[in-house]
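# An overview of the molecular structure
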Amino acid sequence: MAQVTVTAQYIADSQQYVANVKKATDATKQFAGAIPSAEGANKRLSASTIGLSAALGTLGGIAFAQASSAVMRFAQQGIMAAASYEQTVISMQGIFQGSGLSMQQAAQKTEKYLGELRDFAARTPFELPQTLDAVKRLLSIGYTAEDVKDRMLPAIGDITAALGQPASSINGVVYAFGQMKSAGRVLSQDLMQIGNALPGFNAKMTIAKELFNGDVAAMTKAMESGSLDSNKAIDALIQGMTKFPGAAGAMERQSKTLNGVISTFKDTVNNALIDGLMPAIPVLSGAMEKLVGPVSNLATAFAQALGPALIRIVESAQTFIPILTDFIVRMLNFTPIVLDLAGIFL
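Residues numbered from 1 in each chain as written. Predicted model: local features only at pLDDT ≥ 70, side-chain atom pairs only at ≥ 80, totals over all residues. Heavy atoms only, no water.

## Some details on the packing of helix H7 (residues 168-183) against helix H8 (residues 188-197)
Where H7 contacts H8, the axes come no closer than 8 Å and their chain directions differ by 170°. Taken as axis vectors, H7 and H8 run roughly antiparallel relative to one another. Across the interface between the two elements, Ser169, Gly172, Val173, Tyr175, Ala176, Phe177, Gln179 and Met180 of H7 pack against Asp190, Gln193, Ile194 and Ala197 of H8. Per-class residue counts for the contact of H7 with H8 are seven nonpolar, four polar and one charged. (Axes fitted to C-alpha atoms, helices over the stretch in contact; angles between N-to-C directions. Helix = DSSP H or I, 4+ residues; strand = E, 2+ residues; numbered from the N terminus. Parallel < 35°, antiparallel > 145°, perpendicular 65-115°, else oblique. Contact = heavy atoms within 4.5 Å. Nonpolar A, V, L, I, M, F, W, Y, C, P; charged D, E, K, R; others polar.)

## A closer look at the nonpolar core
By size, the foremost hydrophobic cluster in this structure holds 55 residues, and its most contacted members are Tyr113, Phe177, Ile194 and Met241. Ranked by residue count, the leading element in this core is helix H6 (residues 145-162), at eight residues. In this structure, Ile194 is in contact with Ala176, Phe177, Met180, Phe201, Ala203 and Leu237, ignoring residues within four places of it in sequence. (Core = buried A, V, L, I, M, F, W, Y, C linked by side-chain atoms within 4.5 Å. Buried < 20%, exposed > 50% of the residue type's maximum accessible area, 1.4 Å probe, protein only.)

## Comments concerning the environment of Ser182
Note on placement: Ser182 falls in helix H7. In terms of polar contacts, Ser182 uses its side chain to reach the backbone carbonyl oxygen of Gly178, at 2.8 Å. (Polar contact = N/O pair within 3.5 Å; in protein donor to acceptor, adjacent residues only side chain to side chain.)

## Some thoughts on empty space enclosed by the protein
If you walk through the whole model with that rule in mind, you get one cavity of 30 Å³ or more. In this structure, the largest cavity occupies an estimated 40 Å³ of space. Phe120, Phe126, Gln130, Thr131, Ala134, Leu153 and Ile170 together form the lining of the largest cavity. With three residues, helix H5 (residues 128-140) is the largest single contributor of residues to the lining of the largest cavity. Grouping the amino acids of the lining of the largest cavity by side-chain chemistry returns five nonpolar, two polar and no charged. (1 Å grid on protein atoms, 1.4 Å probe; cavity = no way out; pocket = protein on both sides within 12 Å on 5 of 7 lines; lining within 4 Å. Points joined across faces, edges and corners; volume = space filled by probe spheres on them.)

## Structural notes on the pattern of salt bridges
Going through the model one piece at a time under the given rule, you end up with eight salt bridges. Among the ionic pairs, Lys109 bridges to Glu146, the shortest N-O distance being 3.7 Å. With a gap of 37 residues between them, Lys109 in helix H4 (residues 103-123) and Glu146 in helix H6 connect regions that are remote in the sequence. By relative accessible area, which is 29% here, Lys109 ends up partly exposed. (Salt bridge = Lys/Arg side-chain N within 4 Å of Asp/Glu carboxyl O.)

## Observations regarding helix H10 (residues 216-225)
Those residues of H10 not exposed but buried are Met219, Thr220, Ala222 and Met223. Take H10 and look down its axis: the buried residues cluster within an arc of 165°, on one side only. Looking at H10, the residues exposed on the side facing more than 90 degrees away from the buried face are Ala217, Lys221, Glu224 and Ser225. Residues of H10 that are buried sit in contact with H8 and helix H9 (203-211). N-capping of H10 is provided by Asp215, with a side-chain oxygen placed 3.2 Å from the backbone N of Ala217. Within two residues after H10, Gly226 carries a phi angle of roughly 85°, on the positive side. (Arc of directions from axis to C-beta.)

Spelled out as structure tokens, the structure:
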């Protein structure tokens, strides 16, 4: 008897479901009838789309699209390079002003100094962004611009090139120097970091050779007691780097390899883009500032319109979930009956 009741209830639910589907179908037909021109418009749109696709499918259309995309990427690359360089200029000017120069003197020195660094990067296998990053780090920890450009950067760059390491290794060494100089002493972890950046270069042995006549035990004792001055240790490391076998002229040799030529090409292109687009940066910045307000208002209006719509969607879903859940439960309750009937016939 219970099974018959469940079956009857399920049949009633099914009939109601079919009736609802029919109502939805009728509503759809009414909607379609309300826009009799939709089919014709769709056909015209399809014909236009096919014609446009055929036009773009020609060789000329493809070539134009590819050329346009390349120009856009090239322009974007130029703008990003010029914007990054602008930040570097401001940063360098701040460093030079911090060393006691006036604003005008700092601006003049920055222009000359960055020009020399750009030439340096173009002649080496290391690209300009990594070179400038290393220079800024060295300047910020107290080294003079001339010392960085003429002594430290060439020594670190040559040994990095001699060991076949990437430009990131330069920054690893510079970071370790910064830690040593800030602490005023040398720690084992600093030397390990240099060793990780320059595998094959023994920083500990180099300091021992340059300052302790090769006595590693004496060097270790001085390091552990804190009496090993970091400035002297860094100078010893730079001196040892210049003496490392194969380091002399390594950057120049690496710059003639395929990777070096590619790096030089990229630096040359970036330098040209920077020179060409730097005058336009203030204009672009002004235009972007004017767009901030309208774009912000548009985003706010969109969010305000989207919020209520999402709420209504969620509320509708919450109303539908119990109905769906009840339907699933009823279906599960009806499953044993179906199985029993199937068992009779099988």
